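Next come the chains, spelled out residue by residue.
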Amino acid sequence: MHPIQRMSLLSTLVLTLALPTLSVSAAAADDSALITRGQFIKQITDELKLTPLNKMTVLPTDVSPDSPYADTVRIMRERQILQGYSDGTFRLDQAVSPAEASLILGRFLGLADSKASTVLKSDYSVDFSGQTAGIPLGTAGAAIKNALANDPSVSSWLVADPTSPTDLKTFRGHMEMGMHILFHPNAGYPLKNLQTTVKSDISYNKAQGLHQSITTAAPGPDMAMKTINMEQYMVSQGTFMSMPNATNDGVEWYDMSKQVPFTFEQVMELQKKSMDVSKTLVTPYFFYKDLGTAEKDGQKQRKVSIRGKLTNTADIVKTLSGLGGSQDAFKEVLNSPAIAGMSVSISAVLTLDEQTKLPVSMDGDYIVEYGEDPNNPIEEMDMTMSMTYQDVNQPIDIQLPEEAKKAKPIPAPTTVPTPAE
């Protein structure tokens, strides 16, 4: 898939999946004994009532199929939380260290490993720094509950006034994104990684579609920063994008409808039940915390954190199903190389209008890891995104321009020569 298409798909996934939902975990046990790695991860899977998606997932060399931890280890591997040590072991009887415990909880919350301890302490009152000898069972259980139990105040606020308008019909928005792209070592790219920034002005109409004006700044072949302006429409007729032409003296419109797995209608189907507070939508993949209210410009606003991680197609199947879709409806999407092997970690704070419950802004960190698809040179993308909303539910007209209706199919990506060529 063309890198620009991947960016478009990712933006759609992020904006679609970052929505409030409800679920409350049960309390964990209290015990003064030090907890082992096996006990810690099993407490998490029991707390979240997780089961392995594939009983045939390969186990580490030191975990037998009849071990009480076998399914827990399968879950850790499937969800890309832990894969084990380099010698092929999981060392379940070894005491879990404060750093390991923070990393494990942080990965469930979609946090970068480098930020896990800090965010757990600041947002969840989870601090393992004083546990030098090990972590007591009771301390571990409380930490799991604090970090991975959804905040009941979020659900009570959402349902407090069922007449409150929560349907997002239209908006204009401004998004700024910083991306750090890492390439596979054997991808043949002259750079191991790439830093780029993206700014986008967005217009959205639930009945008509999505329009984006995108400005990207990234190093060119001579390593000098280059600015590229693009425009994209996702409407009922398909997905279309304008990009600079080969001679860089004008723009060309391309029809990306066959390459982008989500149609506008499918995105609308995903969003249709997103505010149905009577159901659990994407938990236990995402976790929600009420960060309180504040007043700005005479407007009372509430902040809610949304954190979690989706891994592999099976997770996405469950998410799509929970959001009102079905595996059959999204068969083409689920079989797409753009989805297979991909994981998306989201750590975002959504600011909502206290009265209408409609979005005001969203700030988040996103980590996208790709599988071993030989056609995809990208190994990982780390992003920081900030988005503000304006003109929410005000009249906005989105019409596909005539030149876009004459768009040609998107060209195949060109091969970037290796430094030796």
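Remember, it's a predicted structure, so these values are computed and weren't measured experimentally.

**With respect to the pairing of strand β1 (residues 170-183)**
Taken residue by residue, a regular strand's side chains alternate between the two faces of the sheet.
Phase 1 of the analysis: Bridge analysis of β1 against strand β2 (residues 193-205) gives 13 bridges, and the strand direction is antiparallel. Of the residues in β2, the one forming a bridge with Thr 170 is Asn 205.
Phase 2 of the analysis: Here β1 pairs with strand β11 (residues 378-390) via 12 bridges, running antiparallel. Its bridge partner lying in β11, Met 175 is registered against Met 387.

**A closer look at the sheet that holds β1**
Phase 1 of the analysis: Pairing is mixed in the open sheet, where 12 strands are placed in the order β7-β8-β9-β10-β11-β1-β2-β3-β4-β5-β6-β12. Every other strand in the sheet has two partners, leaving β7 (286-296) and β12 (408-409) as the edge strands with one partner each.
Phase 2 of the analysis: Sheet topology note: the β2/strand β3 (residues 209-219) ladder contains 9 bridges and is antiparallel. Bridge pairing in β3 places Val 198 opposite Thr 216.
Phase 3 of the analysis: Sitting on the sheet, helix α5 (residues 116-124) is in contact with β7 and β8 (299-311), with an inclination near 140° to β8.

**So, α5**
Phase 1 of the analysis: Buried within α5 we find Ala 116, Val 119, Leu 120 and Tyr 124. Along the axis of α5, the buried positions cluster into a sector of 100°, meaning they face one direction only. Those residues of α5 that are exposed and angled more than 90 degrees off the buried face are Thr 118, Lys 121 and Ser 122.
Phase 2 of the analysis: The inward-facing, buried residues of α5 contact α4 (98-108), α6 (137-148), β7 and β8.
Phase 3 of the analysis: Directly after α5, the chain includes Ser 125, whose backbone phi takes a positive value near 55°.

**Structural notes on the packing of α4 against α5**
Each packed pair of helices is defined by two parameters, the angle between the axes and the distance between the axes.
Phase 1 of the analysis: Where α4 contacts α5, the two axes come as close as 8 Å, and the packing angle between them is 75°. Put simply, α4 runs roughly perpendicular to α5. Judged by residue contacts, Ser 102, Leu 105 and Gly 106 of α4 engage Ala 116, Ser 117 and Leu 120 from α5.
Phase 2 of the analysis: In the contact of α4 with α5, the residues fall into 3 nonpolar, 3 polar and no charged.

**Some remarks on the packing of helix α2 (residues 37-47) against α6**
Phase 1 of the analysis: Running from amino to carboxyl end, α2 crosses α6 at an angle of 40°, the nearest separation of the two axes being 10 Å. The angle between α2 and α6 falls in the class oblique. Remark: the crossing between α2 and α6 carries right-handed chirality. In contact with Gln 39, Phe 40, Gln 43, Ile 44 and Glu 47 of α2, α6 contributes Leu 137, Ala 140, Gly 141, Ile 144, Lys 145 and Leu 148.
Phase 2 of the analysis: Across the contact of α2 with α6, the residue classes break down as 6 nonpolar, 3 polar and 2 charged.

**Brief notes about the nonpolar core**
Phase 1 of the analysis: Counting residues in hydrophobic clusters, the biggest one holds 45 residues, and the most contacted among them are Met 177, Met 179, Ile 181, Phe 286, Met 362, Tyr 366 and Met 381.
Phase 2 of the analysis: Residues within four places of Ile 181 in sequence aside, it is in contact with Lys 192, Asn 193, Leu 194, Thr 196, Ile 378, Glu 380 and Met 381.
Phase 3 of the analysis: Ranked by size, the runner-up nonpolar core spans 37 residues in total, among them Leu 59, Val 126, Phe 128 and Ile 135.

**Topic: the side chain of Arg 302**
Phase 1 of the analysis: Its location among the elements puts Arg 302 in strand β8.
Phase 2 of the analysis: Once you skip the residues sitting within four places of it in the chain, Arg 302 turns out to touch Trp 157, Asp 290, Gly 292, Thr 293, Leu 350, Thr 351, Leu 352 and Glu 354.

**Remarks on the pattern of salt bridges**
Phase 1 of the analysis: Evaluation of the coordinates by the stated rule reveals 15 salt bridges.
Phase 2 of the analysis: The shortest N-O distance in the salt bridge between Asp 71 and Lys 55 comes to 2.6 Å. Residue Asp 71 is located in helix α3 (residues 70-78), and its partner Lys 55 is located in the loop between α2 and α3; the two are separated by 16 residues in the primary sequence.
Phase 3 of the analysis: On the basis of relative accessibility, which here comes to 51%, the residue Lys 55 falls in the exposed class.
Phase 4 of the analysis: Three or more residues are tied together by salt bridges with common partners; here these are Lys 55, Asp 71 and Arg 74.

**A look at the confidence of the model for the protein chain**
Do not read the predicted coordinates in detail wherever pLDDT is low.
Phase 1 of the analysis: Across the protein chain, the average pLDDT comes to 79, with 74% of residues at 70 or higher.
Phase 2 of the analysis: Predicted confidence for residues 273-282 stays below pLDDT 50, and this span has 25 contacts to residues more than four positions away or in other chains.
Phase 3 of the analysis: Note on residues 322-327: pLDDT is under 50 here. Beyond four places in sequence and across chains, it has 14 contacts.

**A few points about α4**
Phase 1 of the analysis: Taken residue by residue, α4 has Glu 100, Ala 101, Ser 102, Ile 104, Leu 105, Gly 106 and Phe 108 as its buried positions.
Phase 2 of the analysis: Residues of α4 that are buried make contact with α2, α3, α5, α6, β7 and β8.
Phase 3 of the analysis: With its phi angle positive at about 75°, Gly 110 sits one or two positions after the end of α4.

**Observations regarding the packing of aromatic side chains**
Phase 1 of the analysis: Overall, the coordinates contain 3 aromatic pairs when judged by the stated rule.
Phase 2 of the analysis: Note on Phe 171 and Tyr 389: the rings are 5.0 Å apart at their centroids and 65° apart in plane angle, and the pair reads as edge-to-face. You can see Phe 171 sitting in strand β1 and its partner Tyr 389 sitting in strand β11, a full 218 residues away along the chain. This pair shows no difference in class: Phe 171 is buried, exactly as Tyr 389 is.
Phase 3 of the analysis: Taken together, the ring pairs in this structure connect Phe 171, Tyr 204 and Tyr 389 into an aromatic cluster.
Phase 4 of the analysis: In this structure, Arg 91 is placed above the aromatic ring of Tyr 85, and the distance from its NZ or CZ to the ring centre is 3.7 Å.

Conventions used here
- Residues numbered from 1 in each chain as written.
- Predicted model: local features only at pLDDT ≥ 70, side-chain atom pairs only at ≥ 80, totals over all residues.
- Heavy atoms only, no water.
- Pairing = 2+ DSSP bridges.
- Helix = DSSP H or I, 4+ residues; strand = E, 2+ residues; numbered from the N terminus.
- Contact = heavy atoms within 4.5 Å.
- Axes fitted to C-alpha atoms, helices over the stretch in contact; angles between N-to-C directions.
- Buried < 20%, exposed > 50% of the residue type's maximum accessible area, 1.4 Å probe, protein only.
- Arc of directions from axis to C-beta.
- Parallel < 35°, antiparallel > 145°, perpendicular 65-115°, else oblique.
- Nonpolar A, V, L, I, M, F, W, Y, C, P; charged D, E, K, R; others polar.
- Left-handed = near helix turned anticlockwise from the far one by under 90°.
- Core = buried A, V, L, I, M, F, W, Y, C linked by side-chain atoms within 4.5 Å.
- Salt bridge = Lys/Arg side-chain N within 4 Å of Asp/Glu carboxyl O.
- pLDDT = per-residue confidence, 0-100.
- Phe/Tyr/Trp six-rings, centres within 6.5 Å; stacked < 30°, edge-to-face > 60°.
- Lys NZ or Arg CZ within 6 Å of the ring centre and 35° of its normal.

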